[in-house]
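Listed here are the chains, written in short residue letters.
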Amino acid sequence: MDLMQISGQFSVSGDCLEVKPFGNGHINDTYAVTCASEGGVRRYILQKLNSRVFPHPTALMNNFAAVTAYLRPIIKKEGGDPDRECLKVIPTVQGAAYYVDGEGEVWRMTQLIENTDAYLVAESSAMFEDAGRAFGLFIKRLEGFDAASLIEVIPDFHNTVKRYENLEKAVAADKAGRASGVKDLIDFARARKDKTGVIVSALKEGSIPLRVTHNDTKLNNVLIDTATQKAICVIDLDTVMPGSLLYDFGDAIRVGCSTAEEDEKDLSKVNFDREKFVAFTRGFMRGLGDNLTINEEKLLPTGAILMTFECGMRFLTDYLEGDVYFKTAYPEHNLVRCRTQFKLVEEMEKSLDFMQKTVDDIYFDILKGNKQKEA
Ligand code: ADP
Ligand code: GN1
Ligand code: MG
């Protein structure tokens, strides 16, 4: 695989000088490409799509292009800079949205948004609050987008009931011979089986709306401006699909309210940060404005617990299947990740009343603010 040759397949400005691994996602292979022309040096993001996770690149890139094309004029109208606040597909020299190499691997390119950072742990509550605003705004801006026009790139991505069933299948198959060593974790999941259906049922009954959601709102999927520390661009749009806002809220809380990284081995360091919860929730709910329905509001804390539980089950399933989905750096990596998630679930369960009161108070403040505006 010749990364320079692959970079040269795209409509970059000037000549490619260097290609270097970049970022720390669990799914795709990401590189920064430096190019130079008389106009100056410009960097791009080159990504090899994970073909096991995303076997239908045309559908995925159609979603990507449609969502970004919809968002860019909205950002412009709001006085923002679409080139900095929204990803854009850099086409191949032939005008295609992606390039397929000789081995059948799929590559795509976007602009690299300079002077930004991606964080695995929120450095401050203010930063996390702003990430909340950015994710809330992302959903709000897509309110008028036709959800039915999006292809479900990973069906049942956040269907926690199916995720539980997959875990049971993995336990039964025990492909990697690891089940006997993780009985405590399997029991942990089994004890919570009844809770898995809450969001799925609410969507099915129509008590909460189906929206266009991001579905992978971990903190490092929003770029933070280095100078202002503001969250400026939501990235990793591969899983933008119809879903529930509870998924986006919950997944962000899972990552940003943990006091440790997802793969911390010392579980005593993994706790639920209440201050960050208040901050993100405020940012997210304000970003959404009056878009949030009362039934969604009531379920926000459940969303946080369920998304954390679901992610833990996914890590455990992958561990039992022999580490075939998430990138791992060592044999127990998925197991370590599962343990942090389940520890967080326990901590969140202890904080449920606190979470509900926080959400209710913020909701009340927003309603009060709206009434004052109307008066
Ligand atoms: P994955 O699906 O593997 O998580 P991402 O699209 O999230 O891949 O990219 C991985 C990392 O690369 C991000 O967390 C971020 O640090 C960095 N990154 C991705 N796209 C950009 C971009 N356009 N500008 C700057 N950094 C980026
Ligand atoms: C993956 O792609 P990345 O690293 O942002 C995964 C998420 C998980 C997350 C756990 C497409 O996210 O669903 O929550 O790892 N993305 C996909 O860290 O499966
Ligand atoms: Mg990512």
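Residues numbered from 1 in each chain as written. Chains lettered and ligands numbered in written order. Predicted model: local features only at pLDDT ≥ 70, side-chain atom pairs only at ≥ 80, totals over all residues. Heavy atoms only, no water.

> Quick question: what am I supposed to make of the site of ligand 1 here?
The environment of ligand 1 is made up of 20 residues, and the closest members are Asn28, Gln47, Gln111, Asn220 and Asp236. Backbone polar atom of Gln111 to a nitrogen atom of ligand 1: 2.9 Å apart, as the coordinates give it. Within the side chain of Asp236, an N or O atom sits 2.9 Å from an oxygen atom of ligand 1. Contact with the protein chains removes 95% of the 550 Å² of surface that ligand 1 exposes when unbound. Here ligand 1 occupies the largest pocket. Here the shell around ligand 1 is built from residues that sort into 9 nonpolar, 10 polar and 1 charged. (Near = heavy atom within 4 Å. Polar contact = N/O pair within 3.5 Å; in protein donor to acceptor, adjacent residues only side chain to side chain. Areas by Shrake-Rupley, 256 points an atom, 1.4 Å probe, with all protein chains shown as cover. 1 Å grid on protein atoms, 1.4 Å probe; cavity = no way out; pocket = protein on both sides within 12 Å on 5 of 7 lines; lining within 4 Å. Sits in = over half its atoms within 2 Å of the grid points. Nonpolar A, V, L, I, M, F, W, Y, C, P; charged D, E, K, R; others polar.)

> Quick question: what am I supposed to make of the site of ligand 2 here?
Looking at ligand 2, there are 17 residues lining it, with His26, Lys218, Glu262, Arg314 and Tyr325 nearest. Here Asp216 contributes a side-chain N or O atom positioned 3.0 Å from an oxygen atom of ligand 2. Within the side chain of Tyr325, a nitrogen or oxygen atom sits 2.5 Å from an oxygen atom of ligand 2. When isolated, ligand 2 has an accessible area of 440 Å², and the protein chains bury 98% of it. In this structure the site holding ligand 2 corresponds to the largest pocket. With 3 residues, the single largest contributor to the shell around ligand 2 is helix H10 (residues 294–320). A per-class count over the shell around ligand 2 returns 7 nonpolar, 4 polar and 6 charged. (Helix = DSSP H or I, 4+ residues; strand = E, 2+ residues; numbered from the N terminus.)

> Just checking my understanding: could you explain the sheet that holds strand S10 (residues 231–234) for this structure?
Sheet strands line up and pair through hydrogen bonds in the backbone, either parallel or antiparallel. Strand order in the open sheet formed by 3 strands is S7-S9-S10, and the pairing between neighbours is antiparallel. Edge positions in the open sheet fall to strand S7 (116–117) and S10, since each of these has one partner strand only. Pairing of S7 with strand S9 (residues 222–225), which is carried by 2 bridges, proceeds in the antiparallel orientation. Its bridge partner lying in S9, Thr116 is registered against Asp225. (Pairing = 2+ DSSP bridges.)

> In this structure, what is going on with unusual backbone geometry? I would like to understand it.
Working note: non-glycine residues mostly have negative phi, and peptide bonds are mostly trans. Within the chain, Asp236 stands out as a residue other than glycine whose phi angle is a positive 55°. Relative to the helices and strands, Asp236 is located in the loop between S10 and strand S11 (241–243). Its identity as a non-glycine residue notwithstanding, Asp323 has a phi of 60°, on the positive side. Structurally, Asp323 can be placed in the loop between H10 and helix H11 (333–350).

> Whenever I open this one, the coordination of the magnesium ion (ligand 3) confuses me. Can you help?
Coordination angles at a metal have ideal targets, namely 109.5 degrees for four tetrahedral donors and 90 or 180 degrees for six octahedral donors. Within the first shell, the magnesium ion (ligand 3) binds the protein through Asn221 (OD1) and Asp236 (OD), at distances of 2.2 Å. Of this pair, Asn221 sits in the loop between strand S8 (211–213) and S9 while Asp236 sits in the loop between S10 and S11, and the two are 15 residues apart along the sequence. (Donors = N, O, S within 2.8 Å, 3.2 Å for Na, K, Ca; no water.)

> Looking at this model, I keep getting lost on the pattern of salt bridges. Mind explaining?
Pairing is possible between side chains that carry opposite charge, provided their charged atoms lie close to one another. By the definition in use, this model includes 23 salt bridges. In this structure, Arg178 and Asp323 form a salt bridge, with 3.2 Å as the shortest nitrogen-oxygen distance. Of this pair, Arg178 sits in the loop between helix H5 (160–173) and helix H6 (183–190) while Asp323 is found in the loop between H10 and H11, placing the two residues 145 residues apart along the sequence. Measuring nitrogen to oxygen at the nearest pair gives 2.8 Å for the salt bridge that ties Glu262 to Arg254. Across the pair, exposure class does not vary: Glu262 and Arg254 are buried alike. Within this structure, Asp29, Lys48 and Lys327 form a network of salt bridges that share partners. (Salt bridge = Lys/Arg side-chain N within 4 Å of Asp/Glu carboxyl O. Buried < 20%, exposed > 50% of the residue type's maximum accessible area, 1.4 Å probe, protein only.)

> Looking at this structure, how should I read the UniProt feature "domain: Aminoglycoside phosphotransferase" (unreviewed entry) in the chain?
Under the local residue numbering, the UniProt record ascribes the feature "domain: Aminoglycoside phosphotransferase" (unreviewed entry) to residues 18–261. End-to-end, the C-alpha atoms of residues 18–261 are 31 Å apart, and along that stretch the chain is 34% helix and 20% strand. (UniProt positions renumbered as here; feature names shortened; annotations may be inferred.)

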